[in-house]
Each structure stands twice: as structure tokens, then as C-alpha cells.
Amino acid sequence: MSMSDSDSSSYAGADYKSFKQISRERLLHEMLRSSKTGDSKSTWKVLIMDKLTVKIMSHSCKMTDITDEGVSLVEDIYKRRQPLPTMDAIYFIQPTRENVIMFLSDMSGRTPLYRKAFVFFSSAISKELVMDIKKDTKVLTRLGALREMNLEYFPIDSQGFITNNERALEELFGDEENNHKGVTCLNVMAKRIATVFASLREFPSVRFRAAKSLDATTMTTFRDLIPTKLAAGVWDCLMKYKKSIPNFPQTETCELLIVDRSIDQIAPVIHEWTYDAMCHDLLNMEGNKYVHEVPGKSGGPAERKEVLLEDHDPIWLELRHAHIAYASEQLHEKMTNFISKNKAAQIQHGSKSSSEMSTRDIQKMVQALPQYSEQIDKLSLHVEIAGKINRIIRESGLRELGQLEQDLVFGDATTKDVIKFFTMTEDIAHENKLRLLMILASVCPEKFEGEKGQNLMRLAKLTEEDMNVVHNMRMLGGQPVTKKKLTTAFGLKFDIHKKRAARKDRPGEEEKWQLSRFYPIIEELLEKLTKNELSKEDYPCLNDPSPSYHGSPFSGPVNQNPHSMRSRRTPTWARPRGSEDGYSSDSVLRHASSDFRRMGQRIFVFIVGGATRSELRVCHKLTEKLKREIILGSSSLDDPAQFITKLKMITTHELSLDDIQI
């Protein structure tokens, strides 16, 4: 029996494994398979989880993966369960008092529910709860394992994870007078982010967006300090891991950049024109689940069928980040080629009559039929989806709207163009009008002061609730803009002598498809990070690696004042942290595969308040371009409708100078 995080061979093997592969293998091999050792005689086992760990497991593994490891039954720890005294149980649970009480209730007394218990906690357990378990001598004799897995995140992609803090926007950016929920949210988020590094055996240099103060009369708010506080929370967890987890690196092996949603207000609402983003934006999908109708058997009524658009689908993997126009072209080409080359398909489509078929033709047809059926099903599905998306684009006038959105972002359109669009264009969907005004508010915040904003909303026939959404979006970045200032509340700076633009065209970036001009801000930040050009003042580092650290742009302490500019007091969590000597090993470089050849150290970027599909796409794109695996983390992954709904839930209390006690 061990109380330490178990050592896994998946980190030191010769074969490089992706982030999602490591997560999956830890759950299947390190947890489920390890319960087969020792004096365990049972062939089949029961897996008991809570609501959170069920989600963690379902993000990484399929039910067939679990049964392959000898699990015959999956149970909820809080539901009444049938005693199975001849079987062993694997508990994968959060280390909460309630869960420990339930576990002790199951395994104590004369007649425990199970023969033996293998207990794995999703994160670090307190000493008090460990003592509660050790007090019960009968339970101790029935324990096969007691370990901290330190795996409490949700892989959403081979290069993406979420911490499942769905209410982060509401809890962190809401009422300044009551930030108790915000502190709790950050603590949970920090712990879950840290478990990513525990799983990968990575120790990051931790950089974060520093709080901005407009002038000496402006207080730094809780919202301003979110990345700073989260970085400190992650760091505290990592320091504990260095002492408690076997083989955890003692020096830096990768980079972590923590930012929040205020760095880019446009990415969550602008129309992203890739196949993946369009599916989730336009098709009312539930997660990755797409529901469509297929012809009924034997000529019966059509049947509803659910499919998952995920990594196991090769067509989805190939085209998900492609522009919808390119994806549509490729699908048409694939279908045409498939029909022209496949004998069974040719016969099905009447290219040859049965009388023209040779024995060889018939033989090929029989051989091709099973493969033909599976391939044509996948192709037909994607052709149907792409066709539906293109139809919505056409019927909703999205091309014209998308062009105006991008022109606004790049400074090629003004408020007058928006007014003209609303006046001249009919039948624009309510949400699309709101999204357009949200982009305008990001680019030209002064247009939404007082009566100006009300007039724009009336012209668009939007409601008071919609106005509140725009207001809350502006509040994410701090104080709303005053008439005297041209610095926006969105982390964007404008030169008043130049055209008003939230993005500049990128040199060397050729626009291959219409409406593919937009890019999220994190693309710029990540490229600067890899070139050592990211400002140390705006993005300080909590640890200070020595020059031997590969590509380290960090030096000097974190000089971060977390309160009013007038205050000289610096809390302990903002002081520079001591660090070991820099890391200069090539251990990460030694991992290589066909997908990641000679990759440099991993880069993690975490966005508090929800990430977008465009930002996930950028991480894949930059991994190829920069030859460094980039992993995106966030509190949630939001489509535009979800982001707008979350903005509606924020309640804000504005601070004025009258509120500040000097």
C-alpha cells in the first residue's frame, strides 16, 4: 500500500506519447491494471466513481477500454449498491470528506460490500482524511492500494484540456464586493491545472499576465489579479509535488503562460470559418454529438442516429481545422474519387450492368462491400454536415456579415458601415446582430458610452438584456472606458493617429480563403514567447530559471504590485519565488514519433474564463510551425452562444472614485 503518486513508465519510454495518450494510459494502466497485482484473485472488478471522476474517465476512455482492464460494473458512489463480497472494487474518487465517509461505510464492519478496495484519489488528500482511514483497522486489512492519482482535468483534444469550471466568468468577473466564490473557483482551477503537470511529469516556468493600472488614482481590482492569483496557486501545488511525487522534475522542463479572457474579447464571438467551429456554431450540437436521420431498414421510416465528431474519425481529424469552403471541396473530391475507384460503388451507381460484370468484377465487389459500407457512411455523413452548414451560411447571409466582422477587426470598416448594414439588411438573426455589436464594442468602446450605445442597440432592435451582455463584456477587462481615455478595457491598445483596428495583418501570413484573415491574440503571444520577445513587465515569471534553461527569456524578480499604485505593501503571493538551478537537459527532445519529430519543450497556455475553437486550432497550427507541442487549457471550451449566455449571468458592481477610501 502506498500513499504516494505512483510512478508510471509512460513518461520515460522511448516512444513519445501525446498529452491525451498519457492521460488515458494513466487511468487504464496505472490505475485499473495495477489492481490486478498483489493478492487480488478476482477476475472481474467493480469501478466506483463520483460525478467528477466519471467525467474525467469519460473524457479519456471508452467503456470498452475499461472492460478490457477487467471492470465488469461501473457504479456511482452515492447510489445504493448491491453487496458483492467476492469481488474487488476500484475507487476513483475526489479526496472529499463525504467520499471518504462513503468509502469507509462500504468497507468497514463485519460484512463489507467488496472483498478488497483499491482506492485512487483524483488529487491530493489531506492528512486528516488519511488518519480517518487509518483509524479503522478492519478497513486497513481490506485495502489493496491507497494512492493519489493527481489527475483532475478533462482532455478535450490531443492538445487541449479543461478544468470544468463552467461558471468561472460569473464567479471571477462578477460582483467585486463578494469575491469568496472567485477565490474558491481559482483554488479549484489551480489544483486541477497542477494535476496536468503531475500526470506529464513536467515542471513549468510559470508566466502570467500582470495586472494593469491605468494611473495612480485607479485601484487594482480582483479581476485584474486573476492570472496573478492563479499562477501563485498553481505554483504552490507544484512546490508540493516536487517534494511528494517520485521522479517529479526538480528543475524546469516546459513553459506555462496564464492569461484570462480579457486579453481577447473578439475571439469568443466572431464567426470562425473552420469546419469544426462552424459545426459547433451553427448546428446546435451537444458537445461533440451530432444527430442526423438515416434511411430506415427495409424501407421503414427514417431513424435518428447519433455520431461523435472526434479523433477516431479520420475524415474529421483531417478536415476539422480546414476552412469550410476547402473542407466542402475536399469532401466532394473524396466522394467522386471513391465512387470512380471502388468497384462496388460503381455497380451501386450503375456504372456497369450485371451482364457486363466479369467474374473478377464480382469477386472485387464482394471483397469491397464491407469496407465500402463503412467508408461511404463516413463520407456521406460529412458531405451531409458540410451541405447543411453551407445552406445555413447562404440562407443567413453569413458571408456578408462575416466580411463586415473581419473588416471591423482589421480597421477597414467603421460604425457607419455597421449602421448601414443594419439599415440595408433584413432578416439578420438576433444573436448575429448582438455578436456584431460586441465586436464593434471591442474595437470602438467609446461608441457605447451613454446614449450612443442605446441608439445602436435600438437600431439593431436588441433588448436591455443584450445591452447588459455588451456591458459585461467590457467589464471583463476592468473599468469601462471614460471619455478622456482611449485605452480600452480589453487589453487592446490603439494609436489615435492610425486607423482603429484590433488586429494587424500578419506579415508572411497568406490569406488562402475568404474570411480566414482573423486570428486570436494568443497566436501572437505564443510566437513572441518562443522568440523570447514576450514582455517581462507585462508577463512576469514566478520562477527565475538560470541562462542554462533552454530558450529562457526570464530574468529578475516579479515586481508586481497587487494593490493601489499608492500602496507599497506587496503580499506574499506576489513576491519573487526562489528557484533551483536552470534546466538544461534534453530529455523532452529525446521523445520522438511520426507526429512530433524532434519537438522542443512543451508550451502550455491557460485561458481563464473559457477558450474558443479558434484558439485550439491555433495551438495545433503553431505546434507544426514552431516544432513545439502547444497544449491549450481553459476553465471551459465555449461556443459563441455559450459565451453569450455566461456573460448574461455576470452581475457587476462598478467602482467609482467615490467608493475608494483614501
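Residues numbered from 1 in each chain as written. Predicted model: local features only at pLDDT ≥ 70, side-chain atom pairs only at ≥ 80, totals over all residues. Heavy atoms only, no water.

Section: the packing of aromatic side chains
Here is step 1: Evaluation of the coordinates by the stated rule reveals 13 aromatic pairs.
Here is step 2: Measuring from ring centre to ring centre gives 6.1 Å for phenylalanine 161 and phenylalanine 606, while their planes differ by 35°; the resulting arrangement is tilted. Taken together, the residues span a long stretch of sequence, with phenylalanine 161 in strand β7 (residues 160-162) and phenylalanine 606 in strand β12 (residues 600-608) at a distance of 445 residues. In this pair, the class of phenylalanine 161 matches that of phenylalanine 606, namely buried.
Here is step 3: Measuring from centroid to centroid gives 5.8 Å for phenylalanine 203 and tryptophan 235, while their planes differ by 40°, and the two rings are tilted. Here tryptophan 235 lies in helix α9 (residues 226-244) and phenylalanine 203 lies in the loop between α8 (180-200) and β8 (204-208), a separation of 32 residues in the sequence.
Here is step 4: A residue is classified by how much of its surface remains accessible, and phenylalanine 203, at 1% relative accessible area, is buried.
Here is step 5: Pairwise contacts between aromatic rings join Phe19, Tyr153, Phe161 and Phe606 into one cluster.
Here is step 6: The ring of tyrosine 519 is capped by arginine 503, whose NZ or CZ atom sits 5.8 Å from the centre of that ring. (Phe/Tyr/Trp six-rings, centres within 6.5 Å; stacked < 30°, edge-to-face > 60°. Helix = DSSP H or I, 4+ residues; strand = E, 2+ residues; numbered from the N terminus. Buried < 20%, exposed > 50% of the residue type's maximum accessible area, 1.4 Å probe, protein only. Lys NZ or Arg CZ within 6 Å of the ring centre and 35° of its normal.)

Comments concerning the confidence of the model for the protein chain
Here is step 1: Mean pLDDT over the protein chain: 81, with 76% of residues reaching 70 or higher.
Here is step 2: Long-range and interchain partners of residues 545-597, a stretch whose pLDDT sits below 50, account for 122 contacts in this model, where long-range means more than four residues apart.
Here is step 3: With pLDDT under 50 throughout, residues 654-662 is counted as low confidence; its partners more than four residues away or in other chains account for 12 contacts. (pLDDT = per-residue confidence, 0-100. Contact = heavy atoms within 4.5 Å.)

Remarks on the sheet that holds strand β9 (residues 254-260)
Here is step 1: The strand order across the open sheet formed by six strands is β6-β7-β13-β12-β9-β8, and the pairing between neighbours is mixed. Every interior strand has two partners, whereas the edge strands, β6 (154-157) and β8, have only one. Across this sheet, the average inter-strand angle for adjacent strands is 25°, counted without regard to direction.
Here is step 2: Note that β12 and strand β13 (residues 628-634) share six bridges and pair parallel. (Pairing = 2+ DSSP bridges. Axes fitted to C-alpha atoms, helices over the stretch in contact; angles between N-to-C directions.)

A closer look at the packing of helix α18 (residues 451-459) against helix α19 (residues 464-475)
Here is step 1: One can describe the packing of α18 onto α19 by two numbers: an axis separation of 10 Å at closest approach and a directional angle of 130°. By the criterion of interaxial angle, the relationship of α18 to α19 is oblique. Relative to α19, the crossing made by α18 is right-handed. On α19, the residues touching Gly453, Gln454 and Met457 of α18 are Glu464, Asp466, Met467 and Val470.
Here is step 2: When grouped by side-chain class, the residues that make up the contact of α18 with α19 number three nonpolar, two polar and two charged. (Parallel < 35°, antiparallel > 145°, perpendicular 65-115°, else oblique. Left-handed = near helix turned anticlockwise from the far one by under 90°. Nonpolar A, V, L, I, M, F, W, Y, C, P; charged D, E, K, R; others polar.)

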